[in-house]
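Structure at a glance
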Amino acid sequence: MADTRADPAAQSELMVEDEPFFSYLDLFLFSLIAGLLVYWIIFRKKAEPIPEPQTTRETSFIGKMKKTGKNIVVFYGSQTGTGEEFANRLAKDAHRYGMKGMAADPEEYDMSELSRLTEIENSIAIFCLATYGEGDPTDNAQDFYDWLQEGDADFSGVKYTVFALGNKTYEHYNAMGKYVDKRLAELGAQRIFDLGMGDDDGNLEEDFVSWREQFWPAVCEHFGVEATGEESSIRQYELKVHSDLNMNKIYTGELGRLMSFENQKPPFDSKNPFLAAVTVNRKLNKAGDRHLMHLELDITGSKIRYESGDHVAVYPINDSVIVNQIGDLLGVDLDMVISLNNLDEESNKKHPFPCPSTYRTALTHYLDITNPPRTNVLYELAQYATEPKDQENMRKMASSSPEGKALYQSWVLDSCRNILAILEDLPSLRPPIDHLCELLPRLQARYYSIASSSKVHPNSIHICAVVVEYETKTGRVNKGVATNWLKNKMPTDNGHKTTVPMYIRKSQFRLPFKSTNPVIMVGPGTGIAPFMGFVQERGWLKEQGKDVGDTVLYYGCRYKNEDFLYQEDLEEFEKTGVLTALNVAFSRDQAEKVALILDRASLLTILTLPVILLRRDARNMARDVQNAFYEIAEELGGRYSQDVWS
């Protein structure tokens, strides 16, 4: 046996064997402390949840109205935010007439409760409903529309009114508002004021203000109440400044889930857009002072699917120069972290935009700072003007008087004054930035017809657009938010991807189901976009050995050598027989401006084809051209489909 007395290492080893370093009591105490530490960490984290903009889900609007003492509910069908904005204005109006109102998204509530509105005294349901596309309901009103069509509810005793939002140049002008107004009456509801018709081709704001000014007196007369005379501004949100919030809990541009841009998870939609990398960004026109561009967005790995004719929605951001100028004029720290919290704790809408955030993020990602502000914004801001004349004019523009309407039309709309221009031209107007952020509408997604076929480009979405830039009557240069932002989205090869937040909005604009059906397509300028996808698809079908009917394209632009978009592609399609006929008109390549004119005889020949796809500009393409197509297609029994944009 070896002697271990002189070997310290051996002695140490024996000590370990003979005397454990930790006793059972030590191990127990250590385990207990570790367990308590883990428990404390877990529950401490749970006490500080990451804030989400998602609303608390309460589907009973009747229950909410009873709990909060409200007797007016304003439902909105809104695609671009205007219907929601009008609904909020009407809900705020109610207090001036001794009533209490709430704006409500029909998608969030059980609309079958509408028949129970009679349980609330002096109650009214107001509907601000936009029409989308060719007479369709907006996405958030689709379920309500379907339910109205299918159901046979009894609305006896329910009082209602409808204000419709649309565009007169569209064939199905205000179809959604007209339908709901008519259907509610059929189901026994009582219309207490005439259907309002808002026309965005004219002056939607003026239409709404005029209707609203007549609506409230009618309500007072119906219920035997009087206006309270309270015209003071009522804040809907209160400001909270955060001084020590973890930066990981602050929104930086996300539309829904916090950190959703860093951790992308399908499915992708309007609340959860996909960050698509820009792989191509090239100028389409060869000359001229305009910039027409072709972009390609990579959707690899996103599980996003699209069909030819669908729209791609992109979320742009505002120009940092304008954001900084607003901050400088109002003398604020744009990087201050804030929340705007709804004063009505029962409201589903806790914040006007994702909070907490910074003023810079709000003005850059969430708020519309480039469109002329509506009259309610001017009215609310008027109180902050220190010059009596400025205050008077701002309130006058918000009134329904002929002078006020004319002043708003000339000074704001015709002069294209955005909020920055108004602040610059009214030095006495310096409102608190938190109130301004509460009043400005949300920055909306922009929609573009997809200029590619998923059969040919399953992992890529193509966009064709013209960059908007113009000089206003005040000498300022206004730039389109989305197109100028997209113009600068150049692909990079340095490993850092240039991305665009996007999602797909389905469309009814489609090729015929049978590939053997011939089609004629008509589209001016960037109206060529969806037809590029259609032609690509017909070419792909031919390559698959399918029988494909005649494909005829009529296309118009200004100058052949400047803005003949996709000239090489289209001529190649014609050369290979994918396009049976390519008919192009150049309106300004001669002394007198010309258009692609089709007389009745030509139309009768062309429209023997069973399918006509017309892509037209709601404002600029001649109405009689559209009518000629429509009437003759109807006469011949063909299918007529159009994709209209404004």
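Calculation criteria
- Residues numbered from 1 in each chain as written.
- Predicted model: local features only at pLDDT ≥ 70, side-chain atom pairs only at ≥ 80, totals over all residues.
- Heavy atoms only, no water.
- Helix = DSSP H or I, 4+ residues; strand = E, 2+ residues; numbered from the N terminus.
- Buried < 20%, exposed > 50% of the residue type's maximum accessible area, 1.4 Å probe, protein only.
- Areas by Shrake-Rupley, 256 points an atom, 1.4 Å probe, with all protein chains shown as cover.
- Axes fitted to C-alpha atoms, helices over the stretch in contact; angles between N-to-C directions.
- Parallel < 35°, antiparallel > 145°, perpendicular 65-115°, else oblique.
- Contact = heavy atoms within 4.5 Å.
- Nonpolar A, V, L, I, M, F, W, Y, C, P; charged D, E, K, R; others polar.
- Phe/Tyr/Trp six-rings, centres within 6.5 Å; stacked < 30°, edge-to-face > 60°.
- Pairing = 2+ DSSP bridges.
- Salt bridge = Lys/Arg side-chain N within 4 Å of Asp/Glu carboxyl O.
- Left-handed = near helix turned anticlockwise from the far one by under 90°.
- Arc of directions from axis to C-beta.
- Polar contact = N/O pair within 3.5 Å; in protein donor to acceptor, adjacent residues only side chain to side chain.
- 1 Å grid on protein atoms, 1.4 Å probe; cavity = no way out; pocket = protein on both sides within 12 Å on 5 of 7 lines; lining within 4 Å.
- Points joined across faces, edges and corners; volume = space filled by probe spheres on them.
- Domains from an automatic or database assignment.
- Expected span 1.5 Å × (residues − 1).
- Core = buried A, V, L, I, M, F, W, Y, C linked by side-chain atoms within 4.5 Å.

Looking at an unreviewed UniProt entry, one finds the chain named NADPH--hemoprotein reductase and attributed to Sinocyclocheilus rhinocerous.

Helix and strand counts for the chain stand at 20 helices and 23 strands. When each of the 646 residues of the chain is scored for burial, the buried share is 50%. Of the roughly 31200 Å² of accessible surface on the chain, a fraction of 51% belongs to carbon and sulfur atoms.

The next thing to look at is the packing of helix α11 (residues 388-397) against helix α12 (residues 402-413). Where α11 meets α12, the axes come as close as 7 Å, and the angle between the chain directions of the two elements is 105°. Relative to α12, the element α11 is oriented roughly perpendicular. Packed against α11, whose contacting residues are Asn393, Lys396 and Met397, the element α12 presents Glu403, Gly404, Leu407, Tyr408, Trp411 and Val412 at the interface. Split by residue class, the contact of α11 with α12 holds five nonpolar, two polar and two charged.

Before going further, it helps to spend a moment on the packing of aromatic side chains. For the structure on display, the rule yields 24 aromatic pairs. A network of ring pairs unites the aromatic residues Phe86, Tyr97, Phe163, Phe193, Phe208, Trp211, Phe215 and Trp216 as a single cluster.

Spatially, the six strands line up as an open sheet ordered β14-β11-β18-β9-β10-β15, and their pairing is antiparallel. The sheet terminates laterally at β14 (446-449) and β15 (460-466), the two strands that pair on one side only. Taken pair by pair, the neighbouring strands of this sheet meet at an average axis angle of 40°, ignoring direction. Sheet topology places strand β10 (residues 292-298) next to β15; seven bridges connect them, and they run antiparallel.

Turning to the sheet that holds strand β13 (residues 357-358), a few remarks are in order. What links the strands of a sheet is backbone hydrogen bonding, and the strands pair in either a parallel or an antiparallel sense. If you trace the three strands from one edge of the open sheet to the other, you get β8-β12-β13, paired in antiparallel fashion. A strand with exactly one partner marks an edge of an open sheet, and here the two such strands are β8 (237-242) and β13. As paired strands, β8 and strand β12 (residues 337-342) are joined by six bridges and run antiparallel to one another. Residue pairing for β12: lysine 240 is matched across the bridge by serine 339.

Counting across every chain of the model gives 29 salt bridges. Where arginine 374 meets glutamate 205, a salt bridge forms, and the shortest distance between an N and an O atom there is 3.7 Å. Note that arginine 374 is positioned in the loop between α9 (359-366) and α10 (375-381) and glutamate 205 in helix α7 (residues 204-223), a separation of 169 residues in sequence. For the residue pair arginine 374 and glutamate 205, the accessibility class agrees, reading buried in each case. In this structure, the salt-bridge partner of aspartate 310 is arginine 510, at a minimum N-O distance of 2.7 Å. Taken as a pair, aspartate 310 in the loop between β10 and β11 (311-314) and arginine 510 in the loop between β18 (499-505) and β19 (519-524) lie far apart in primary sequence, 200 residues in all.

A separate point is the packing of helix α16 (residues 529-543) against helix α18 (residues 567-575). Orientation of α16 relative to α18, taken along the N-to-C sense of each, is 35°, at an axis distance of 11 Å. Seen along the crossing, α16 lies across α18 with a hand that is left-handed. Residue-level contacts link Met532, Val535 and Gln536 of α16 to Asp569, Leu570 and Phe573 of α18. Residues that form the contact of α16 with α18 fall into these classes: four nonpolar, one polar and one charged.

Turning our eyes to something else, we now look at helix α3 (residues 61-68). When α3 is considered as a whole, its buried residues turn out to be Phe61, Ile62, Lys64, Met65 and Thr68. Each buried residue of α3 sits inside an arc of 165° when the element is viewed along its axis, so together they form one side. The inward-facing, buried residues of α3 contact β1 (72-77) and β2 (101-104). Regarding α3, its N-cap is serine 60, as a side-chain oxygen of that residue lies 2.9 Å from the backbone nitrogen of glycine 63 further along. Taken from the residues just after α3, glycine 69 is the one with a positive phi, measuring 70°.

Taken as a whole, this structure holds one cavity of 30 Å³ or more when the rule is applied. Secondary-structure elements contributing two or more residues to the lining of the largest cavity are α7 and α12. Per-class residue counts for the lining of the largest cavity are four nonpolar, four polar and three charged. Split by domain, the lining of the largest cavity shows at least three residues from each of two domains, domain 1 (61-223) and domain 3 (317-439).

Attention shifts here to the side chain of aspartate 563. Checked against the element boundaries, aspartate 563 lands in helix α17 (residues 560-563). Side-chain polar atoms of aspartate 563 contact the backbone nitrogen of arginine 558, separated by 3.4 Å. Looking at aspartate 563, its side chain comes within polar contact range of the main-chain nitrogen of tyrosine 559, at 2.9 Å. Residues within four places of aspartate 563 in sequence aside, it is in contact with Asn285, Arg290, Leu292, Tyr555, Cys557 and Arg558.

Taking 1.5 Å of rise per residue, the 12 residues of helix α4 (residues 82-93) would be expected to cover 16 Å, and the 17 Å separating its terminal C-alpha atoms lies within 8% of that figure. The buried fraction of α4 amounts to 10 of the 12 residues, a majority that puts the element mostly inside the structure. If you check which residues of α4 are buried, you get Thr82, Gly83, Glu85, Phe86, Ala87, Asn88, Arg89, Leu90, Ala91 and Asp93. Contact partners of the buried residues in α4: β1, β2, β3 (124-132), β5 (159-166), α7 and α10.

Let us look at the environment of lysine 265. One can find lysine 265 in the loop between β8 and β9 (274-283). Dropping the residues within four chain positions of it, lysine 265 is found in contact with Arg257 and Asn272.

Both β9 and β18 contribute to a ladder of four bridges, which runs antiparallel. Across the sheet, the residue bridging to phenylalanine 274 is methionine 502, located in β18. Bridge analysis of β9 against β10 gives six bridges, and the strand direction is antiparallel. Its bridge partner being in β10, valine 280 is matched across the sheet by glutamate 296.

Among the nonpolar cores identified, the biggest contains 38 residues, and Ile326, Phe353, Leu363, Leu367 and Ile369 are the most heavily contacted of them. Only α8 (320-330), β12, α9, α10, α11, α12, α13 (419-425) and α14 (433-439) provide two or more residues apiece to this core. Filtering out sequence-adjacent residues up to four positions away, leucine 363 remains in contact with Asn318, Val323, Ile326, Leu334, Ile369, Ile433, Cys437 and Leu440. Judged by nonpolar contacts, the second largest core, of 28 residues, contains Phe75, Met102, Leu114 and Val158.

So, about unusual backbone geometry. At the junction of proline 266 and proline 267, the peptide bond is cis and its omega measures out at 0° in the coordinates. Tracing the sequence through the fold places proline 267 in the loop between β8 and β9. Backbone torsion omega between cysteine 355 and proline 356 reads 5°, so that peptide bond is classified as cis. Checked against the element boundaries, proline 356 lands in the loop between β12 and β13. Of note, methionine 259 is a non-glycine position whose phi angle comes to about 65°, a positive value. Relative to the helices and strands, methionine 259 resides in the loop between β8 and β9. Positive phi, close to 55°, is recorded for tyrosine 566, a residue that is not glycine. Counting through the fold element by element, tyrosine 566 comes out in the loop between α17 and α18. The exposure class of tyrosine 566 is buried, given its relative accessible area of 5%.

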